[in-house]
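Summary of the model geometry
Given next are the chains, with one letter for each unit.
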Amino acid sequence: RAIQADWQTFDQVSEQKVTYLTKIHTALGYGGLTRHVNNWILHRDKTAAAQIETDLDAVKISIQSFQLLNISDEELQSLNRLEIALKETERRVQGVEEMLDNNVAPDRIDFFLKGDEAVAIQALDQLRWAWVQQARSVGRDLNAATESGSRLITVGALLIPIILAIGFLVLWLINRLDRQ
């Protein structure tokens, strides 16, 4: 039962972690923030500007939800770094409207917005790595438990004939004593 409970807990939490990581990637990536920023800067698309706020909120919610799970210290540190990078991105986004009004070139605005992407990328990589390590650890634990169970079954299978033989021997001895 303990093995089953461990596996179910890992499976449920793991699935949620993957869901939140996917939501973060989607909101930050080409289907989200990146595309909306490009549309806002290059085409002055006001609806894209509004979507940026939605993308940033989606990332915040996913980070907060992820933090509520049973997570490691490494994951918590990565989520904290991601939050810091997100706040910096929000701060930079707030300055874009003025830059657009002042006709700053799109490549300069893009450079301004990028900031230090490496922090966010490294945090996301660390979260993925931690998830993989947890999966491997649970896999090793399950394999060890399975092997231990297999050994017990083997020992049990070997002991059954011995126990039966001893039982027959005891019955034979009792039967023999009865006759005398």
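Above this text you will find the structure in question.
Described below are features of the structure shown in this document. (Residues numbered from 1 in each chain as written. Predicted model: local features only at pLDDT ≥ 70, side-chain atom pairs only at ≥ 80, totals over all residues. Heavy atoms only, no water.)

**A short note on the overall build of the protein**
For the protein, the count of helices and strands is seven helices and zero strands. In the protein, the succession of helices and strands from N to C terminus is α-α-α-α-α-α-α. In terms of C-alpha radius of gyration, the protein reaches 30 Å, well past the compact-globule figure of 16 Å for 180 residues. Judged by the C-alpha coordinates and their principal axes, the protein covers about 115 × 25 × 20 Å. Taking all 180 residues of the protein together, the buried fraction comes to 26%. Counted over contacts in the protein with a minimum sequence separation of 6, partners at least 24 positions apart contribute 69%. When the accessible surface of the protein is summed, it comes to about 12300 Å², and 58% of that surface belongs to carbon and sulfur atoms. Charge-centre separation for the protein: the mean point of 19 positive side chains lies 7 Å from the mean point of 24 negative side chains. (Helix = DSSP H or I, 4+ residues; strand = E, 2+ residues; numbered from the N terminus. Rg over C-alpha atoms; globule rule 2.2 N^0.38 Å. Buried < 20%, exposed > 50% of the residue type's maximum accessible area, 1.4 Å probe, protein only. Contact = heavy atoms within 4.5 Å. Areas by Shrake-Rupley, 256 points an atom, 1.4 Å probe, with all protein chains shown as cover. Lys, Arg positive; Asp, Glu negative; His and termini not counted. Charge placed at Lys NZ, Arg CZ, Asp CG, Glu CD.)

**A closer look at the environment of Ile174**
Relative to the helices and strands, Ile174 resides in helix α7 (residues 117-179). Taking relative accessible area as the criterion, Ile174 reaches 45% and is therefore assigned partly exposed. Taking the C-alpha atoms as reference points, Ile174 and Gly29, separated by 145 residues in sequence, lie 81 Å from one another.

**Some words on the layout of surface pockets**
A probe matching the size of a water molecule, rolled over the atoms, marks out where space remains unfilled. Empty space within the largest pocket amounts to approximately 730 Å³. What lines the largest pocket is a set of 27 residues, among which Leu28, Leu33, Thr34, Thr89 and Glu117 lie closest to the centre. Of all elements in the fold, only α1 (2-28), α2 (33-43), α4 (73-94), α6 (106-114) and α7 reach the threshold of two or more residues within the lining of the largest pocket. Each residue belonging to the lining of the largest pocket can be placed in one class, and the counts come to 14 nonpolar, six polar and seven charged. (1 Å grid on protein atoms, 1.4 Å probe; cavity = no way out; pocket = protein on both sides within 12 Å on 5 of 7 lines; lining within 4 Å. Points joined across faces, edges and corners; volume = space filled by probe spheres on them. Nonpolar A, V, L, I, M, F, W, Y, C, P; charged D, E, K, R; others polar.)

**Describing the environment of Ser14**
Along the chain, Ser14 falls in helix α1. The buried category is assigned to Ser14, whose relative accessible area is 7%. Sequence-wise, Ser14 and Asn70 are 56 residues apart; in three dimensions their C-alpha atoms are separated by 9.7 Å. Within polar-contact distance, the side chain of Ser14 engages the side chain of Trp131 at 2.4 Å. (Polar contact = N/O pair within 3.5 Å; in protein donor to acceptor, adjacent residues only side chain to side chain.)

**Quick notes on the pattern of salt bridges**
By the definition in use, this model includes eight salt bridges. With a shortest N-O distance of 3.0 Å, Lys46 and Glu97 are connected by a salt bridge. Taken together, the residues span a long stretch of sequence, with Lys46 in helix α3 (residues 46-67) and Glu97 in helix α5 (residues 96-101) at a distance of 51 residues. A residue is classified by how much of its surface remains accessible, and Lys46, at 54% relative accessible area, is exposed. By relative accessible area, which is 28% here, Glu97 ends up partly exposed. Between Lys60 and Glu90 there is a salt bridge, with the nearest N and O atoms lying 2.6 Å from each other. Separated by 30 residues along the polypeptide, Lys60 in helix α3 and Glu90 in helix α4 bring together distant segments of the chain. (Salt bridge = Lys/Arg side-chain N within 4 Å of Asp/Glu carboxyl O.)

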